[in-house]
Amino acid sequence: MKKLLLSLGAISVGAALITPKIIASNVQTNINTIVEQVNALPGYNASVSELHSAWFDTNAKVLVSFDMAGLGADLPAEASEKFENLAVEIAVNASHGPILMAGEHSFGLANISIAVANEELRKHIDWANNLPLYGVESHIDIFGNTSYTDNIQAFTVVEQEEGVDINFAGYQGSGAFENGEWQYTGQSKNTIIKTENGDVVIGAMDVDMTVASSFIDMMKSGFYDSDSSFTIRSINFEDDNSENKVLANNIYIKANSKINTEKNTGDIGITYGLDSLTTADFKAEDVALAIEINNISQAFIEAYQQNVNELSVGTEAEIQAKLLQFAETHLLSLLKAEPEMNVTSLRGTLAQGTFDSSINTRLAGIDALPDLLTDVQFWLSHALANGQLKGDKAVIEYLAAKVMESQLKQNPQTAEMSAEEIEQIAMQQAPQFLQNFVQQGLLVSNDKQYSTTFALKDKALTINDKPIPLPL
């Protein structure tokens, strides 16, 4: 019995001694994997500038630089120069378990601290001394479950040349990774922006996210089940004379994604909206744009992610040739999945009334690419679409008047007219403008509203069940 106890004790001591080194190896591997994934993203370049790993801790520094053109930012030359050498240094410090020598938790697999440590940022941003602008504290327990908190320090930005003063009150978040799922919530306090033209107060921002994927797998794959929301509780603008006020309440973005493992496809949905918007002469409520992209081929997305950097390198002609070659090789996998792009709702309530619309589109039955990708007949033969628009008469006439007003302002014949005169003409002509569409059968009108429906199938377009010739 004593020999058994001694053997168990020896095994326990040995495991306790060996485990930290195993964890150290995993920490190094994860750091290098994340750097590789960041480098695979267009516009980012990451490198490990320092890496020291001992038995009980690992310390690393990762330098991340940005290519604004690669990120799709079309900046003026002066702004591009400011961002040309922009880089962020990230410090990673890990304590390896099971006995943890640093951090809040004394037992577990690891305590990991991550901090944006680049003091060069202080040339542009002022925040508390001896604290990282952004930091993460993470703990991995003995079962591999991860909990963490992150925060952005309160900071100020003063650009005297631009006449801008920004005061950000800070951000705190927390999350956990358990049973293969991330959960995260975060909140910021008010942000005050003072400019020469007036002040903007951005209310508290809330983040809520659930993702059925690990962080590394998220970076490797474009697909995972997720549900997230980002909300700004209010935005309030007021000029120095209090003449022009803008108040927006509950501005939000809601997004979700869903994997279909049987079809190897994914669906993505995103909604942009706000509860209300009020200005001196305009008011709107429940304004939203909801979009769905369904049946996205995972094979196509993975191929694109693997080639995205190469596809953006070269002259314009070379890039076009690469894109054509990529399409000839991989486009069919996307089309065979019968992708959909739907606007499930474009709606709003104005002072004049409410409106709502939707459009559904799909490519179906494609088993081979056409000889020419520009073959319009081919695409029409596989295109399906339907949609509807309806709204109270007053609001549709108001929106039509705004379209006409924009056109009249560009007309040389109205160049001498005041904005008020142009607005009055547009409001007077809008009902007759819409009536022309009613007479052609493109709109349906009754005492309360205007409406229209359309459908596209078998290369035939109908509007309100009336055949419409296509300009082929």
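It should be noted that the structure appears before, not after, this text.
Residues numbered from 1 in each chain as written. Predicted model: local features only at pLDDT ≥ 70, side-chain atom pairs only at ≥ 80, totals over all residues. Heavy atoms only, no water.

## Quick look at the environment of I296
Turning to step 1, where the next piece is worked out: For I296, the position within the fold is in strand β18 (residues 283-297).
Turning to step 2, where the next piece is worked out: For I296, a relative accessible area of 9% translates into the label buried.
Turning to step 3, where the next piece is worked out: Taking the C-alpha atoms as reference points, I296 and L334, separated by 38 residues in sequence, lie 6.5 Å from one another.
Turning to step 4, where the next piece is worked out: Beyond its immediate sequence surroundings of up to four residues, I296 is in contact with F223, N264, T265, G266, I268 and I301. (Helix = DSSP H or I, 4+ residues; strand = E, 2+ residues; numbered from the N terminus. Buried < 20%, exposed > 50% of the residue type's maximum accessible area, 1.4 Å probe, protein only. Contact = heavy atoms within 4.5 Å.)

## Brief notes about the pairing of strand β4 (residues 110-116)
Turning to step 1, where the next piece is worked out: Most of β4 sits inside the fold, with 5 of its 7 residues counted as buried.
Turning to step 2, where the next piece is worked out: Summarising the sheet, strand β3 (residues 87-96) and β4 pair through 7 bridges and their orientation is antiparallel. Paired with H96 across the bridge in β4 is A110.
Turning to step 3, where the next piece is worked out: Where β4 lies against strand β6 (residues 134-140), 6 bridges are found, and the strand directions are antiparallel. Following the sheet pairing, N111 is matched in β6 by H139. (Pairing = 2+ DSSP bridges.)

## Quick look at helix α4 (residues 298-311)
Turning to step 1, where the next piece is worked out: Relative to the 20 Å expected for 14 residues at 1.5 Å per residue, α4 spans 19 Å between its end C-alpha atoms, a close match to the ideal helical length.
Turning to step 2, where the next piece is worked out: The axis of α4 is deflected most strongly, by about 40°, at Q305.
Turning to step 3, where the next piece is worked out: Considered for burial, the residues of α4 that qualify are Q298, F300, A303, V308 and L311.
Turning to step 4, where the next piece is worked out: Taken together, the buried residues of α4 touch β17 (265-278), β18 and α5 (316-336). (Expected span 1.5 Å × (residues − 1). Bend = angle between axes of the 7 residues up to and from the residue.)

## Some points on the packing of helix α7 (residues 393-409) against helix α8 (residues 419-439)
Turning to step 1, where the next piece is worked out: Close contact between α7 and α8 brings their axes to 8 Å; oriented N to C, the two are set at 125°. By the angle between their directions, the pair α7 and α8 is classed as oblique. Taken as a pair, α7 and α8 cross one another with a handedness that is right-handed. The residues of α8 that touch α7, namely those facing I396, E397, A400, A401, K402, M404, E405, L408 and K409, are I422, E423, I425, A426, M427, Q429, A430, P431, F433 and L434.
Turning to step 2, where the next piece is worked out: Across the contact of α7 with α8, the residue classes tally to 13 nonpolar, 1 polar and 5 charged. (Axes fitted to C-alpha atoms, helices over the stretch in contact; angles between N-to-C directions. Parallel < 35°, antiparallel > 145°, perpendicular 65-115°, else oblique. Left-handed = near helix turned anticlockwise from the far one by under 90°. Nonpolar A, V, L, I, M, F, W, Y, C, P; charged D, E, K, R; others polar.)

## Thoughts on the packing of α4 against α5
Each pair of packed helices can be summarised by the angle the axes make with each other and by the distance between the axes.
Turning to step 1, where the next piece is worked out: Two elements in contact, α4 and α5, have axes whose closest approach is 10 Å; the angle formed by their N-to-C orientations is 175°. Classed by the angle they form, the pair α4 and α5 counts as roughly antiparallel. Residues F300, A303, Y304, N307, E310 and L311 of α4 lie in contact with α5, whose contacting residues are I319, K322, L323, F326, H330, L331, S333 and L334.
Turning to step 2, where the next piece is worked out: For the contact of α4 with α5, the class distribution of residues is 9 nonpolar, 3 polar and 2 charged.

## Considerations on the pattern of salt bridges
Turning to step 1, where the next piece is worked out: Under the criterion given, the structure shown has 10 salt bridges.
Turning to step 2, where the next piece is worked out: Of the charged contacts in the structure, one is a salt bridge between K194 and D199, with a shortest N-O distance of 3.5 Å.
Turning to step 3, where the next piece is worked out: Using a relative accessible area of 41% as the deciding quantity, one classes K194 as partly exposed.
Turning to step 4, where the next piece is worked out: Classification of D199 by relative accessible area gives partly exposed; the value is 25%.
Turning to step 5, where the next piece is worked out: With a shortest N-O distance of 2.8 Å, E310 and K322 are connected by a salt bridge. (Salt bridge = Lys/Arg side-chain N within 4 Å of Asp/Glu carboxyl O.)

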